[in-house]
Structures are given as C-alpha cells and as structure tokens.
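Observations on the model geometry
Now for the letters of each chain:
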Amino acid sequence: MGSESQNTKISSSNLDHHHHVVLFPFMAKGHTIPLLHLARVLLNRHVTITIFTTPANRTFITKFLAGTSAAIVELPFPKNIPGVPTGVESTEAFPTMSMSMFHSFVLGTQHMKPDLDRALENVQSPVSFMVSDGFLWWTLDSASKLGFPRLVFYGMSHYAMAVFHSLFNTKKSEQDNDNNNKQTETETETVVPDFPWIKLARSEYDPSVHMDKDESLAHEFMSKATEATNNSFGMIYNSFYELEPVFADYWNQKARPKSWPVGPLSLHDMSSSNSTKTENRGLVVHPWLDKESSSVLYVAFGSQATVSSEQLREIAKGLEDSNVNFFWALRKSEPEENKFLEEFENRVKNRGIVVRGWVDQMEILNHKSVKGFFSHCGWNSVVESLSAGVPILGFPMMAEQPINAKMVAEEIKVGVRVKSCDGSLNGIVKSEEVSKMVKELMEGEVGKEVRKKAEEFAVMAHKAVEKGGSSWETLDLLLSSTKQNKQHHH
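Keep in mind it's a predicted model, so treat the numbers as computed, not measured.

Moving on, we get to the overall build of the protein. A count of helices and strands for the protein gives 22 helices and 15 strands. Carbon and sulfur atoms make up 53% of the accessible area of the protein, which amounts to about 21,600 Å² in all.

Okay, here's the thing in structure tokens:
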C-alpha cells in the first residue's frame with residue numbers, strides 16, 4: 001500500500017507541478033466568482049495561479065482567495081471611456097444597468113491590453129494556459145503572442161450556448177430562402193433549428209429587442225468576441241457533462257472551440273478544500289435560518305438587475321399572501337423602498353426576513369431548511385441550486401436568463417417559472433402569480449416532482465467533481481493536454 005500511494009503521488013505531481021495558469025475575469029461578480037472557484041480548484045491541484053484584475057475589484061478577489069498562494073496582479077482601469085463615469089470599474093457600479101453603458105464599458109476594456117502584455121512578460125514562471133472571460137476578447141492576442149493557449153469562459157450553460165449557436169448559425173443560411181415566412185414566425189415564437197422541441201419568443205434570445213441606440217457598438221463587440229472565441233484553444237464550462245449531455249455533444253460536434261465542462265466549480269472547491277469547512281457547514285449560516293425548522297423559500301435575484309419599485313411591491317405582496325416562510329436576500333433596492341420594506345417585514349416577521357447586502361448563497365442553499373429558490377436564473381445560481389438539490393422558481397430578467405429558465409422548467413425539469421401579466425419578458429409579474437407559483441413550488445404536486453429531480457442532479461453533481469468523476473477527469477485531461485502544449489511552445 002505504502003509504495004503504491006508513493007507512486008501515485010509522484011505521477012500526479014509530475015502532472016500538476018510546473019503548471020502556471022493565468023486567470024482574467026470580467027469585471028462583474030457573476031463572471032468573477034466562478035473563476036475564483038476555479039482558481040481554488042486548481043490551487044488544490046498544486047497549480048500556480050496568477051489573477052489579473054483592476055484596483056477597484058481587487059479587494060473582493062483578495063478576500064475570496066485569502067490564505068491561498070494565488071498572485072493577484074492589478075492592471076489600471078482605462079480612464080475616459082466615453083459614456084462610463086470615472087471610478088466605475090465593474091458592471092455592479094453602473095448607476096443603472098443600461099445596455100449602452102455596458103457596451104462602452106466592455107469595448108473600453110481593450111485599452112488595458114498594453115498593460116496586460118507587459119505584465120505577462122514579467123510573470124515569474126512560464127504560463128501553461130490562460131482562462132479569460134469571453135467579453136475580454138483582446139486577451140487572445142496577448143496569449144498568442146507569448147505562445148500559450150487561451151481558454152474562454154462565458155459563465156453560460158451548454159444549453160444556452162447551443163441554442164444561440166443553432167439560432168444564429170442556421171439563421172444566416174436560411175434567411176435568404178424564406179424571409180417571408182420568417183416575419184410572422186418571429187412575432188410569436190421561433191423554433192430552434194437543431195432542437196425543434198425548443199421554442200423561444202424573440203425577446204428571449206434577441207438582445208437587439210432591448211437595444212437602445214448602440215446597435216453598432218453591440219455588433220462590434222459581438223463580432224470581436226465571437227471571432228476570438230472561435231480561435232481560442234477551448235472553453236471552460238461551469239457545468240458537468242451529465243447535466244446537459246445532448247448540448248455538450250452538440251457543441252463539440254457543431255461549434256468551437258472544444259468544451260471543457262469542469263463544474264460545478266463551487267462544489268469542487270467545497271469538496272476539495274479542508275474538511276473542517278464542511279463539518280462546520282450550517283453552524284451559523286444565518287441565525288434566523290438556524291432557528292427556522294420548517295421549509296424555507298430562498299429569494300434572490302443576483303447582483304446585477306435592479307428590481308423596479310412596482311415589481312418589488314408585487315413580489316413582497318405575493319410572498320406575504322403565499323404564507324410560506326422565506327429568506328429574501330436583497331442586493332439592490334431604491335432607498336425610497338426602505339419604509340415599505342420595513343412595514344412589510346413587520347407584518348411577516350414570524351415567517352419571513354429581508355437581508356440586505358452580500359450573503360453566502362451556497363451556504364444558504366445547503367442549509368437543511370431551504371427547500372426552494374426563487375431566482376433570476378443566472379447560470380451560477382442555477383448550478384448552485386442544483387448542487388444543493390434545491391428546486392427553482394424562475395424569474396428571468398436579462399441576458400441569457402430566459403433561456404436558463406426554460407432549461408430549468410422544460411428541459412431538466414427541476415423547477416417552474418412565473419409569468420408576467422402581459423406575457424412579455426419585461427412585463428410585471430403580479431402578486432397573485434408570485435403567490436400561486438411559490439405555493440406550487442413549496443407545497444404542490446409539481447413542487448414534489450421537481451424537488452425529486454433536483455435531488456437526483458445534486459447526486460450527479462457531487463459525483464462529477466469527485467476523483468474519477470466526469471468534471472475531475474476533464475480537468476485532468478485539460479492539464480495534461482496543455483502541458484504538452486507548453487513544452488511544444490517553449
């Protein structure tokens with residue numbers, strides 16, 4: 001036995017040591033957090049890690065990686081980007097989440113390239129590969145110049161990526177043939193060509209529906225990002241093969257670059273970090289939750305979207321009328337809502353609580369009392385909910401969230417979703433609908449079915465990140481194939 005473990009030790013350290021991975025997340029929490037989990041997963045495999053960020057985003061990253069050997073390198077954020085206020089270095093800091101500001105912001109990041117190039121030339125050990133956000137398309141050139149592979153991270157599911165690929169790549173060729181029939185079809189629903197069972201309303205997949213005057217900026221950004229993605233070495237997915245095999249296979253057959261599903265990254269990170277952390281789980285997640293013994297609905301809509309005053313009131317009334325216990329993590333609300341929320345909290349105080357500011361979502365979802373998640377269906381939230389075996393009530397707001405919500409409700413059947421009163425994506429969801437669907441999820445028959453399904457996926461997710469599981473093996477394969485790549489370059 002002794003000698004055997006000795007041998008595996010030697011071979012695994014041969015594989016892992018001398019690996020140096022550079023990570024460059026996009027300046028938004030939802031894009032940054034999974035890459036920070038990836039950093040910890042790689043650190044647990046004895047990989048040297050360097051992370052690039054900007055001064056205003058550094059504190060968050062430093063906190064997250066405290067006590068690890070990760071090197072954090074600061075690049076100055078570009079000054080004077082047209083349309084972006086000085087001092088704004090992340091999308092959460094936008095005064096309002098306007099798409100026009102987003103496109104100026106994301107195109108403005110390319111002015112960081114000279115600093116990145118200099119910093120990469122100065123890093124201590126040769127780089128095995130870089131993982132950078134798909135929005136930072138210009139980092140491909142920096143990696144190529146120095147002769148190491150770049151992997152892309154979009155933080156999306158294979159399902160969403162495959163649906164977009166099918167819609168936009170099949171569309172081009174067909175559009176000329178049947179422009180006439182297309183018109184009527186887009187008014188109602190579009191059938192996804194390669195997945196005829198998936199039907200989408202136009203507002204669910206076509207961002208230009210919500211565009212303001214910046215059509216050309218959006219187009220410039222999309223084409224640059226897509227081209228750089230196509231020419232990259234691979235794509236890291238925060239997903240696991242068993243969750244979406246049809247769509248992972250489709251991606252690798254029809255699209256590029258190659259997909260590397262190595263998630264759920266937060267679960268990996270939990271399972272590989274020291275056991276004390278796992279033993280202490282649930283000790284003090286939140287005093288209110290720890291007192292609450294019956295089933296609780298966790299409510300949170302991500303770090304990005306601001307819920308309008310009208311919508312906030314409908315959600316509150318719906319939660320109040322539903323009579324379920326709830327834990328509502330509210331990241332952003334208008335100050336004028338404070339009085340309303342205070343009165344609301346007083347009325348529901350025995351069974352509901354509103355918590356402001358940042359919470360550890362994974363810990364809450366893993367709490368024994370939490371039995372449902374009312375969510376905007378950002379991909380991180382979907383994956384974290386499934387990892388914890390918690391079913392989802394979907395309330396998508398922006399980006400590819402409507403597609404994730406569709407996947408949750410129709411494809412993998414781990415949840416249900418609310419409908420807006422006028423059927424549109426940006427329409428108001430009324431309190432009656434909130435109350436009805438919350439009850440359905442927490443107490444109804446459908447709720448039982450989707451909870452069972454979510455629990456099955458949780459088992460698969462845990463298996464995937466364990467030694468020998470699909471995500472574990474995929475990461476091993478990535479490390480060994482980039483190792484050859486590196487020797488080939490140097």
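After that view, the rundown keeps rolling.
This part is about the side chain of E89. Structurally, E89 is set in the loop between strand 3 (71-74) and helix 4 (99-108). Summary of buried charges: E89 has no salt-bridge partner, and the nearest side chain of opposite charge, K79, is 7.3 Å away. Apart from residues no more than four positions distant in its own chain, E89 is found in contact with M27, T54, P55, A56, N57, F77 and F105.

Read from one edge of the open sheet, seven strands run 3-2-1-4-5-8-9, paired in parallel fashion. Both edges of this open sheet fall to strand 3 and strand 9 (258-261), since each of them pairs with a single strand only. With strand direction ignored, the average angle separating the axes of adjacent strands in the sheet is 25°. Two elements, strand 5 (residues 150-153) and strand 8 (residues 234-237), share three bridges in a ladder whose sense is parallel. Considered in strand 8, the bridge of L151 is made with G234. Across the sheet, helix 6 (residues 139-146) is in contact with strand 1 (20-24), strand 4 (129-133) and strand 5; its angle to strand 5 comes to roughly 160°.

The residue V299 is located in strand 10 (residues 296-300) in this model. V299 sits in the buried class, given a relative accessible area of 0%. Every residue in contact with V299, bar those within four places of it in the chain, is listed here: L319, F326, F327, W328, A329 and F374.

Let us now look at the pattern of salt bridges. Applying the stated criterion to the full structure yields 18 salt bridges. With a shortest N-O distance of 2.9 Å, K113 and D141 are connected by a salt bridge. Of the two residues, K113 is situated in helix 5 (residues 113-122) and D141 in helix 6; the sequence distance between them amounts to 28 residues. On the accessibility criterion, D141 (40% relative accessible area) is partly exposed. Of the charged contacts in the structure, one is a salt bridge between R417 and E204, with a shortest N-O distance of 3.6 Å. Pair noted here: R417 is in strand 15 (residues 415-417) and E204 is in helix 9 (residues 202-205), with a separation of 213 residues, a long-range link. It is possible to trace a salt-bridge network through shared partners that takes in K113, D117, D141 and K145.

With an omega of 0°, the peptide bond between R256 and P257 qualifies as cis. Looking at the secondary structure, you find P257 in the loop between helix 11 (245-254) and strand 9. In this structure, the amide linkage connecting G263 to the following residue, P264, adopts the cis form with an omega of -10°. Turning to its location among the elements, P264 is positioned in the loop between strand 9 and helix 12 (265-272). With a phi close to 65°, N323 is a non-glycine residue in the positive phi region. Following the sequence through the fold, N323 ends up in the loop between helix 15 (309-322) and strand 11 (325-330).

Turning next to the nonpolar core. The nonpolar side chains of a soluble globular protein tend to be buried, and buried together. Residues F24 and F26 are the most contacted members of the largest nonpolar core, which totals 77 residues. For F24, the contacting residues outside a window of four places in its chain are L35, F52, L75, M112, L116, V131, S132, D133, L136, W138 and T139. Among the nonpolar cores identified, the runner-up in size contains 31 residues, and I315, F326, V418 and L441 belong to it.

On to the packing of aromatic side chains. Under the definition given, this model contains 30 aromatic pairs. A ring pair is formed by W328 and F344, whose centres lie 6.1 Å apart and whose planes are at 80°; its orientation type is edge-to-face. Taken as a pair, W328 in strand 11 and F344 in helix 16 (residues 338-347) lie far apart in primary sequence, 16 residues in all. Across the pair, exposure class does not vary: W328 and F344 are buried alike. An aromatic cluster is defined as three or more aromatic residues linked by ring pairs; in this entry it consists of F26, F77, F94, F102, F105, F135, W137, Y154 and F221. The side chain of K29 reaches across the aromatic face of F60, ending 4.5 Å from its centre. The positively charged end of K258 is found above the aromatic ring belonging to W260, 4.6 Å away from the centroid.

Averaged over every residue, the pLDDT of the protein is 87; the share at 70 or more is 86%. Confidence drops under a pLDDT of 50 for residues 1-16, and excluding neighbours within four residues, the segment shows seven contacts in the predicted structure. Within the model, pLDDT remains below 50 along residues 274-283, and this stretch shows five contacts once partners closer than five positions in the same chain are excluded.

Moving on: helix 2 (residues 29-43). The end-to-end C-alpha separation of helix 2 is 21 Å, in line with the 21 Å expected for 15 residues at 1.5 Å each. Most of helix 2 is tucked away, with 13 of its 15 residues classed as buried.

The strand order 12-11-10-13-14-15 describes an open sheet built from six strands, whose pairing is parallel. The open sheet is flanked by strand 12 (352-356) and strand 15, the only strands paired with a single partner. On average, each strand axis in the sheet is inclined to that of its neighbour by 20°, with strand direction left out of account. Note: strand 10 against strand 13 (residues 370-375), five bridges, orientation parallel. Within strand 13, the position partnered with V299 by the bridge is F374.

Definitions and limits used
Residues numbered from 1 in each chain as written. Predicted model: local features only at pLDDT ≥ 70, side-chain atom pairs only at ≥ 80, totals over all residues. Heavy atoms only, no water. Helix = DSSP H or I, 4+ residues; strand = E, 2+ residues; numbered from the N terminus. Areas by Shrake-Rupley, 256 points an atom, 1.4 Å probe, with all protein chains shown as cover. Buried < 20%, exposed > 50% of the residue type's maximum accessible area, 1.4 Å probe, protein only. Lys, Arg positive; Asp, Glu negative; His and termini not counted. Salt bridge = Lys/Arg side-chain N within 4 Å of Asp/Glu carboxyl O. Contact = heavy atoms within 4.5 Å. Pairing = 2+ DSSP bridges. Axes fitted to C-alpha atoms, helices over the stretch in contact; angles between N-to-C directions. Core = buried A, V, L, I, M, F, W, Y, C linked by side-chain atoms within 4.5 Å. Phe/Tyr/Trp six-rings, centres within 6.5 Å; stacked < 30°, edge-to-face > 60°. Lys NZ or Arg CZ within 6 Å of the ring centre and 35° of its normal. pLDDT = per-residue confidence, 0-100. Expected span 1.5 Å × (residues − 1).

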